[in-house]
Amino acid sequence: MSEHILEVRHLSKVFGKNEVLKDIDFNVSQGDVTSIIGASGSGKSTLLRCINLLETPSSGEILFHGQDVTKGGLSQSAYRAKVGMVFQSFNLFNNMTVLDNCIIGQQRVLKISKEEAKDTALYYLGKVGMTPYINALPRQISGGQKQRVAIARALAMKPEILLFDEPTSALDPEMVGEVLEVMRNLAEEGMTMLVVTHEMVFARDVSSHVVYMADGVIVEEGDPKEIMVDPKNPRTREFLSRFLC
Amino acid sequence: MFSQLLADVVSLWAKYGKIYLNGIKNTLILAITATAIGCLIGFICGILQTIPVSKTDNIFKRVFLGLIRVIIRIYVEVFRGTPMILQAVFIYYGVPYFFGHVFKSIWAVSLIVVSINTGAYMAESVRGGILSIDPGQTEGAKAIGMNHFQTMLYVILPQALRNIMPQIGNNYIINVKDTSVMFIIGFSDFFSIHKMVSGAIYKYFPSAFIEMVGYLTLTLVASFLLRWVERKLAGSESYELAAGDQLVTVAGTYNSPAKGSPFDEKSKEFGKPVYEPEEEAEL
Ligand SMILES: Nc1ncnc2c1ncn2[C@@H]1O[C@H](COP(=O)(O)OP(=O)(O)OP(=O)(O)O)[C@@H](O)[C@H]1O
Ligand SMILES: [Mg+2]
């Protein structure tokens, strides 16, 4: 029996009177690559943000190795350090070089020595092909490069799960490929990933699991080959027909 | 006319130059120290005021944070809303009134009053500076597990400093000029020398002339330094490419990573790459 890293139980989130997430349930096991797809406004970002507690869930539980993190079963900082997040808008620290972006969290949150943190940062920056740019500031590199640095920054914390919120949506088309390539390689290396994406080819070919969301609920989930090729639910079918011709 | 003025100024300076300089020294020490302490107060208030509170935090934390915000609010309103000259007499005579003559130092009271005033103005500037930074920066920091203070110290304040810097300069210049109100409790700043000297020898205008030139020099030097610091903070526009050959010489068989895919077999070489040691890029 595979032990779940993350279990989301009856999660709901209300903004004012607007119920954005309704009774969400799902699990993530070691090595899963789960793509979350769905129309704009269906609550995908809110779900990811609840998972790493950037938003506070209105009700429900988020169990990380069986501990409920919404009730402070684990300190918020310690938990977030184990759950990496890659944002649509990169959110690199503008006042630091590429290298320092990947060092600061290790040094200040994980209390790793600067030398060791540097080695780890350089290793992951190498993995995403950013070694030549370690001394650059975020504003001096392209969007695709920024996103690769953001991935390296998240990886440098040695997270158990990596969350991606539409990592390629803010990129010029010619830069989408380089970021997807990095993600594809991470998936092949066995990284556990939860990816909100509009890249249907990535969802179909790379992920091990697809979740389709609409109006704050999970409509359908399962094997990407089944869901993307032969969806059971008419809403899923309708949504996908707009992407895959 | 002007030759007369020049002659008066020269003779005045010859006789009282040391005293004027001593006044300048006192003004400078008070203005610089009070600006520094005021900034510290401002930064602490700014950081405390921006601690996020959410409905799900426990009641103790919410009450505590609410209380901090109210106290800072009152502090800012009281000290911005009353004349500094009045605050000076209020504290100078108020403390002995209640506690006896435990503490009646002109320097200490001057320093406290000017610092606290500066702090009240800086608290608002720092808060504004923090709020002007893209919330994405905070989210990026939170997402790797930084707490509020780490986020402020390493990510937000270094960026907000560029917006806050002009306010620090303004406060310093205001302090250079406004410390003159401390004459009310007997502080011998630059302006008080004017009253003393001109009262003794009735050369009002030549003395006022010296004062004008003196104050203007102090503030112009400050403006100049400020511009220079602002340019420094803007940072360099270029960066050194950690070039391929630099890595080749040390790592041997390495090719520029831009050539291959990020994950080709060469990427194993990236495990222990070499970099140029550089200055700490921390705050
Ligand atoms: N902070 C907030 N306050 C109020 N409403 C919000 C907030 N954040 C999100 N919402 C609402 O929640 C709903 C879901 O938003 P969310 O960003 O999760 O959608 P999404 O599926 O990620 O969409 P997209 O594909 O456009 O990114 C939207 O209707 C949005 O207006
Ligand atoms: Mg979204």
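This is a predicted model, so every value here is computed, not measured.

It is worth spelling out the site of ligand 1 at this point. Residues and elements named next belong to chain A. The environment of ligand 1 is made up of Phe-15, Val-20, Ala-39, Ser-40, Gly-41, Ser-42, Gly-43, Lys-44, Ser-45, Thr-46, Glu-166 and His-198. Take Glu-166: an N or O atom from its side chain is 3.1 Å from an oxygen atom of ligand 1. Protein contacts shield 60% of the accessible area of ligand 1, which totals 640 Å² for the unbound molecule. Classifying every residue of the shell around ligand 1 gives three nonpolar, seven polar and two charged.

Attention now moves to the environment of Asn91(A). Within the fold, Asn91(A) resides in the loop between strand E6 (83-86) and helix H3 (98-108). Separated by 56 residues in the primary sequence, Asn91(A) and Gln147(A) have C-alpha atoms spaced 8.9 Å apart. Residue contacts for Asn91(A): discarding those within four places in its chain leaves Arg153(A), Gly136(B), Gln137(B), Glu139(B) and Gly140(B). A polar contact of 3.3 Å, which involves the side chain of Asn91(A), links it to the backbone oxygen of Gly136(B).

Let us now look at helix H6 (residues 173-188) of chain A. Residue and element names in this part refer to chain A. When the terminal C-alpha atoms of H6 are compared, their 23 Å separation across 16 residues agrees well with the 22 Å that a helix rising 1.5 Å per residue should span. The set of residues buried in H6 consists of Met-175, Val-176, Val-179, Leu-180, Val-182, Met-183, Asn-185, Leu-186 and Ala-187. Elements in contact with the buried residues of H6: strand E3 (33-38), helix H5 (143-156), strand E7 (161-165), strand E8 (193-196) and helix H7 (200-205). Downstream of H6 by one or two residues, Gly-190 has phi in the positive range, about 95°.

What the rule picks out here adds up to 14 salt bridges over all chains. Measuring nitrogen to oxygen at the nearest pair gives 3.3 Å for the salt bridge that ties Arg49(A) to Glu55(A). Classification of Arg49(A) by relative accessible area gives buried; the value is 17%. Taking the shortest distance from any N to any O, the salt bridge between Glu77(B) and Arg80(B) comes out at 3.9 Å. Of this pair, Glu77(B) and Arg80(B) both sit in helix H2 (residues 59-80), three residues apart, which is roughly one turn of that helix. The exposure class assigned to Glu77(B) is partly exposed, which follows from its relative accessible area of 41%. Of the residues examined, Arg80(B) reaches a relative accessible area of 33% and is grouped as partly exposed.

Here the focus is the pairing of strand E9 (residues 209-214) of chain A. All names here are of chain A. Among the six residues of E9, five are classified as buried, and the element is accordingly described as predominantly covered. Pairing between E3 and E9: five bridges, direction parallel. Paired with Ile-37 across the bridge in E9 is Tyr-212. Where E9 meets strand E10 (residues 217-222), five bridges bridge the pair, whose relative direction is antiparallel. When the sheet's bridge partners are listed, Tyr-212 is paired in E10 with Glu-220. Hairpin geometry of E9 and E10 is characterised by an intervening segment of two residues between the two adjacent antiparallel strands and by a positive phi of about 50° at Asp-215.

Relative to the elements of secondary structure, Arg49(A) occurs in helix H1 (residues 44-51). With residues up to four places along the chain from it excluded, the contact list for Arg49(A) reads Leu54(A), Glu55(A), Met85(A) and Glu139(B).

The rules behind the values
- Within any chain, residue numbers begin from 1 and follow the written order of that chain's sequence.
- As a convention, the first chain written is A and the first ligand written is 1, with the rest following in written order.
- At least 70 in pLDDT is required for a residue's local features to be given in this predicted model, at least 80 for side-chain atom pairs to be given and counted, and no such filter applies to totals for whole chains, interfaces and linings, which use all residues.
- With hydrogens and water stripped out, all remaining heavy atoms of the structure feed into the side-chain values.
- Any residue with a heavy atom positioned within 4 Å of a molecule or strand is treated as near that molecule or strand.
- Contacts described as polar in this section are N or O atom pairs within 3.5 Å, which, within protein, must combine one atom able to donate a hydrogen with one able to accept it, while residues neighboring in sequence count only if both atoms come from side chains.
- Note on areas: Shrake-Rupley, 1.4 Å probe, and residue coverage restricted to the protein chains presented here.
- For this classification, the nonpolar set comprises Ala, Val, Leu, Ile, Met, Phe, Trp, Tyr, Cys and Pro, the charged set comprises Asp, Glu, Lys and Arg, and every other residue, Gly included, is treated as polar.
- Elements are defined by DSSP. Helices are runs of H or I of four residues or more, strands are runs of E of two residues or more, and each kind is numbered from the N terminus.
- By definition, residues are in contact when any of their heavy atoms lie within 4.5 Å.
- The span expected for a helix works out to 1.5 Å for each residue beyond the first.
- Note on classification: 1.4 Å probe, protein chains only; a residue is buried when its accessible area is under 20% of the maximum for its type, exposed when over 50%, partly exposed between these limits.
- When a carboxyl oxygen of Asp or Glu is within 4 Å of a side-chain nitrogen of Lys or Arg, the pair counts as a salt bridge.
- Think of it this way: DSSP has to see at least two bridges between two strands before they count as a pair.

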